[in-house]
Amino acid sequence: MTDHPLHYAAASGVFSLSWLLIVLPLAGAAVLLLGGRRTDRVGHIVGTIAAASSFVLGVVLFAALLGRDGDDRALSQHLFSWIPVNGFQVDAGLLVDQLSIVFVLLITGVGTLIHIYSIGYMAHDPARRKFFAHMNLFLASMLLLVLGNNFLSLYAGWELVGLSSYLLIKFWEDRPAAATAANKAFYMNRVGDVGLALAIMFMFATVGSTGFADVFGAAAGGVIGYGTVTAIALLLLLGACGKSGQFPLQAWLPDAMEGPTPISALIHAATMVTAGVYLIVRAAPIFNETQAARTVVVIIGAITILLGCVIGCAYDDIKKVLAYSTVSQIGYMFLAVGLGPAGYALGIMHLLAHGFFKAGLFLGAGSVIHAMDDDQDMRRYGGLWRYMPITWVTFGLGYLAIIGFPGLSGFFTKDRIIETAFDKGGTSGYLLGAIALLGAGITAFYMTRLFLMTFHGKARWSSEDPEGSQGQPVRHPHESSASMTGPMIVLAIGSTFAGGLFVLGHSLQDWLEPVAGEGVEGVHTFSPLVLTLLTLVVTIGGFAAAYLRYQLRPVESVAPADSEVTLVTVAARHDLFANTFNETVAMRPGQYLTRFLVWLDLVGVDGLVRGGAAGIGGLSGRMRRLQTGFVRSYALSMLGGAVLVVGALLLVRAG
Amino acid sequence: MSVDNHLLLAQTQKITPPSIEYSSLSPLLIVFAVALLGVLVDAFASRSARRVIQPVLAGGGFIAALVAVAVLHGRRAVLAAGAVAIDAPTLFMQGTILVFALLSVLLVAERQLDSSGGAIVASAAITPGSKGSTAQRVSADMQTEAYPLMVFSVTGMMLFVASNNLLVMFVALEILSLPLYLLAGLARRRRLLSQEAAMKYFLLGAFSSAFFLYGVAFAYGFAGSVELGKIADAVGTVGKNDIYIYLSVALIGVGLFFKIGAAPFHSWTPDVYQGSPTPVTAFMAAGTKVAAFGALLRVFYVAFGGLRWDWRPVLWAVAILTMVVGAVLALTQRDIKRMLAYSAIAHAGFLLVGLAGTNTDGLRGSMFYLVTYGFTTIAAFAVVSLVRTSDGEASDLSQWRGLGRTSPLLAGTFSFLLLALAGIPLTSGFTGKFAVFQAAIEGHATPLVVVALVCSAIAAFFYVRVIVLMFFSDPLAQGPVVVTRPTLTFAAAGVGTVATLVLGVAPQPLLDLANTAASSGFVR
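Residues numbered from 1 in each chain as written. Chains lettered and ligands numbered in written order. Predicted model: local features only at pLDDT ≥ 70, side-chain atom pairs only at ≥ 80, totals over all residues. Heavy atoms only, no water.

- Chain B is annotated in an unreviewed UniProt entry as NADH-quinone oxidoreductase subunit N of Frankia canadensis.
- The UniProt entry for chain B carries this comment under Catalytic activity (unreviewed entry): "a quinone + NADH + 5 H(+)(in) = a quinol + NAD(+) + 4 H(+)(out)".
- In UniProt, chain B has this text filed under Subunit (unreviewed entry): "NDH-1 is composed of 14 different subunits. Subunits NuoA, H, J, K, L, M, N constitute the membrane sector of the complex." (UniProt positions renumbered as here; feature names shortened; annotations may be inferred.)

- Per an unreviewed UniProt entry, chain A is named NADH-quinone oxidoreductase subunit L, and its organism is Frankia canadensis.

Thoughts on the overall build of chain B
Step number 1: In terms of helices and strands, chain B carries 21 helices and five strands.
Step number 2: The buried share of chain B, reckoned over its 524 residues, is 64%.
Step number 3: Looking at chain B alone, contacts between residues at least 24 apart form 80% of all its contacts between residues at least 6 apart.
Step number 4: Counting every atom, chain B has about 18700 Å² of accessible surface; 68% of that belongs to carbon and sulfur. (Helix = DSSP H or I, 4+ residues; strand = E, 2+ residues; numbered from the N terminus. Buried < 20%, exposed > 50% of the residue type's maximum accessible area, 1.4 Å probe, protein only. Contact = heavy atoms within 4.5 Å. Areas by Shrake-Rupley, 256 points an atom, 1.4 Å probe, with all protein chains shown as cover.)

Points about the overall build of chain A
Step number 1: The number of helices and strands found in chain A is 24 helices and three strands.
Step number 2: As presented, chain A carries roughly 25900 Å² of accessible surface, and 67% of it is formed by carbon and sulfur atoms.

Considering the pattern of salt bridges
Residues and elements named next belong to chain B.
Step number 1: Using the criterion set out here, one finds 22 salt bridges over all chains in the structure.
Step number 2: For Lys-200, the salt bridge is made with Glu-196, and the minimal N-O distance between the two is 2.7 Å. Within this pair, Lys-200 and its partner Glu-196 are both found in helix H8 (residues 191-223), separated by four residues, close to a single helical turn.
Step number 3: Taking the relative accessible area as the measure of exposure, Lys-200 reaches 4% and is therefore buried. (Salt bridge = Lys/Arg side-chain N within 4 Å of Asp/Glu carboxyl O.)

Some points on the interface of chain B and chain A
Step number 1: The interface is formed by 37 residues belonging to chain B together with 24 residues belonging to chain A.
Step number 2: The contact between chain B and chain A buries some 2600 Å² in all, and 78% of this surface belongs to carbon and sulfur atoms.
Step number 3: Between Asp-242 of chain B and Arg-653 of chain A there is a salt bridge, and its shortest N-O distance comes to 2.7 Å.
Step number 4: Between chain B and chain A we count seven residue pairs in polar contact (both at pLDDT 80 or more) in total.
Step number 5: If you list the elements that add at least two residues to the side of chain B that touches chain A, you get H8, helix H10 (243-260), helix H11 (268-275), helix H13 (308-330) and helix H14 (336-356) of chain B.
Step number 6: Among the elements that line the side of chain B that touches chain A, the one with the most residues is H10 of chain B, at eight residues.
Step number 7: Split by residue class, the side of chain B that touches chain A holds 25 nonpolar, five polar and seven charged. (Buried area = accessible area lost by both parts, 1.4 Å probe. Polar contact = N/O pair within 3.5 Å; in protein donor to acceptor, adjacent residues only side chain to side chain. Nonpolar A, V, L, I, M, F, W, Y, C, P; charged D, E, K, R; others polar.)

Some words on the confidence of the model for chain B
Step number 1: Averaged over all residues, the pLDDT of chain B equals 89, while 96% of them reach at least 70.
Step number 2: With pTM at 0.65, the complex prediction returns an ipTM value of 0.88. (pLDDT = per-residue confidence, 0-100.)

Structural notes on the nonpolar core
Grouped burial of nonpolar side chains is what soluble globular proteins tend to show.
All names here are of chain B.
Step number 1: With 204 residues, the main nonpolar core has Phe-160, Leu-166, Leu-352 and Phe-414 as its most contacted residues.
Step number 2: The element that contributes the greatest number of residues to this core is helix H12 (residues 278-303), accounting for 18 residues.
Step number 3: Every residue in contact with Leu-166, bar those within four places of it in the chain, is listed here: Phe-212, Val-216, Ala-219, Val-226, Leu-228, Ile-231, Ile-252 and Val-299. (Core = buried A, V, L, I, M, F, W, Y, C linked by side-chain atoms within 4.5 Å.)

Topic: H10 of chain B
Step number 1: With 18 residues, H10 of chain B extends 26 Å from end C-alpha to end C-alpha; this agrees with the ideal 26 Å at 1.5 Å per step.
Step number 2: Summarising burial for H10 of chain B: 16 of the 18 residues are buried, a large majority. (Expected span 1.5 Å × (residues − 1).)

Concerning the sheet that holds strand E3 (residues 387-389) of chain B
Step number 1: Taking strand neighbours across the sheet as the criterion, the three strands line up as E4-E3-E5 (chain B) in an open arrangement whose pairing is antiparallel. The open sheet terminates on both sides in strands that have one partner only, identified here as strand E4 (392-393) and strand E5 (481-482) of chain B. (Pairing = 2+ DSSP bridges.)

Here you go:
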């Protein structure tokens, strides 16, 4: 990959303001956190303005980039010397290029919409100001992650993102489930973070720098050995898996749904969880050098697609289903980027489209949950379309986009991934393509199930008084306020058109080409038309199955017991035993290890220290007796010392 | 020619007096003049007037001398016929001594410690237990001679670090020591302990001075001169009877090791630190250490520099023994002033580690360490003087129990100072130790640094024990009282504490200053 821009132009003009992208939301967070209760009344306004102004600046920068030459669109800005130690120089700097700017637009754009949505959603929460402060902090961290021009800045953003995610998951910290989920997310992310940290250390050890330009230059120039480059790539992948909820580190993401729904939309669907994909695409020059690591990426993506789909079919909690849907969609992105230069742009494309429709779906789900008095169980929904038409339409568009309805976003982006997987060729190509295709079918099934159970069918709730409700929960659903429906409408429009916009005329692929490399038009295993039809058939199959099961037959308002369903369903209900697996493989041994270490510390280390302390104390007590208080003995000791010193020096002379 | 002719010749020869550059000696001369003036004031002014005039005079003199030191910066010369050397290390240490003296004057001048006034006795000549001693207990008077004595001592210290001649150095040693012997006996409370301390200090000090003088004699016997530069030249020449120079190194070393309180010449330290009035203890701990180390550095770098490979093993042994004795013996102390005394011994050991590096970095590190240690120790003793019972200071450790609950500010400050003495980061104790140990490692004295670190760990135990005692024990029912009025003591403690913090967080300016001084080196 010699055409990779290893030297970035210096930022000037409007680009010298790119630091403001990060500072604006950061300032918002600072004002709201330091201002305390005084800013309670304006907190949501300040937070939203901070996010929106960052978005406006992002648009300006994007426009300015459009005005530049195609191969001159990567601008690096040096901010300050971060770690000026001799032999370890790290400068804090920003890189605005084709890849980071699309992330900036996604983060600030979707972020702003979700800020606006939260004004309504959190209207009655006493800690709304804190919520907006943490959301602003998240935006700043995420922007730092995508804008840094070296891996250490990226790592700082990466960790800050983890922190703000933690703070937001446990936002309702009086709920034990939320607190536990936040801890779980934090721990599992740490596992991935260690991978990223080690990768950065490897880079520094071999290249002597953590700057993108240096590291990628060295990787592309073949300076790093194959083993090392593979190790770095795999460690980066470990980091990416942690942040993006990929197998085997996916278990935290569904639990993170304990956070407020806007957070699920912003962090755990649209932006943060895609950081792993960003990392891999950003590190494309490294992954390009190692076929082995790319294979691992592909395998992880394929496993995760199926895993997310299967579990998504079994849950009745609307947010959990969406969460597993996210896991599986990011699996598609991993699959795409694991295919190498052919897939980087496709991964990003699907990521952006997914940012729109998944955020929209989550916001719609939030609207439903709001209307159903915070009940998240779809078995107690049904027939809601009549009561909340805007939510129904916007959610419906998001739903059609994700299952790949022709003309909508998912249709363009997911089809291309399936196509590229088949085009990989050979047995592995068929296998990957088949998995991706199967995933599309199952996606259609569980999303249709979710849609029908929520909006259609007979209402499994009652608006009557408790006496007339016949044991059904009493609900008074209503459409949400304008500040909530507005963002939903915008996102629905995005879900509808974004995919087409990206794909038609290769616009996004061309845009990303300097970063992601040229997508090679390989030999098609199937002609695109055949494949599109095949995908459609599979999707319709999934849809039909769900329609038969959940529309034509009544839905029980209580989930059938484990004994009445198939073994697969039981397994899926238990997250395919991922938690059990983690507990057995990581937690239990960890606990035993800590117990052993505590024992070792008590008996070994403490014993040594205590023994040493007792020994020294005894020595002290004995030596103390030399201090008799008599001048004569003091003088004697001085004389003795003097004789020793004289004797020693004479000895030295003699020697 | 007969003997008479010789005498005649000598008489007819004209003696040309050495030219003296008074400007370069101005800091010394100012302090000396102030001391003499102090004696006159004590003779003529009234009792009440003396208590005001004397501290102002002494403090003013120190400030004036400090200004003179600042003006002289960059001066580098051997003056007064080779007797005195003015160079960057000299000025650095003279300035340090003056700052510490200024802080100590604040402590001595304190009058609000208890009902009867400050830490200095009303009349030292009254025998404890005799008739007058009861009246003296409640007298608000003080022996104002303490001020001129202090100023004389400072003169000695400043001359000590500037001496370019072993005899002048001996004279300076006596000028600095004799007033200190007297000052040690001036404590207002526990008179017997104080007088015993003074007596011990005097006897042992005289003993060590004899060693020093004997060493000077051997040096003259070897080199035919007592000037440091000429001794250094003589070391290089072959064919001399070099046993003399080895004896000289050993004996001069003993005299100086005594002054810095290095083992096995340290035994006076705990007794004297405990018995002396606390302000005097603070002055001794900070000022004497700077002066004695200044002289030690100059003698061993300039005169005996050529022999460093021979005296290094001895220095290593003394350093190790000093650190071990200081750290280990402090563990079992029950008295807070004795504990700080052993801490001072341990710190002398750490300073010797810096000297063992025998390089410019070692010089820089030692000078920096002296400044940081002085500030911390003055502040620590100032805080100690604030915790009192009806019988003076509550120096027994058990009385400090639970002080963190009753006076959190005082206990917090003291904890901070103890952490600094232990060398915890973000205090000057850490930066100082770092500078010294780094120099020692670069000077190939790594084993010494390992010992120093082990001793630091042992020492940390007894510092932290006091903190635990103050914060995690219940206060005594009849506990000591923390006096809240003494502004001067507060000022001294505050300056010391702030310096400890600032030098821990932003040590670079002072390190640069010490570096400039060290790299310009000693003049010969």
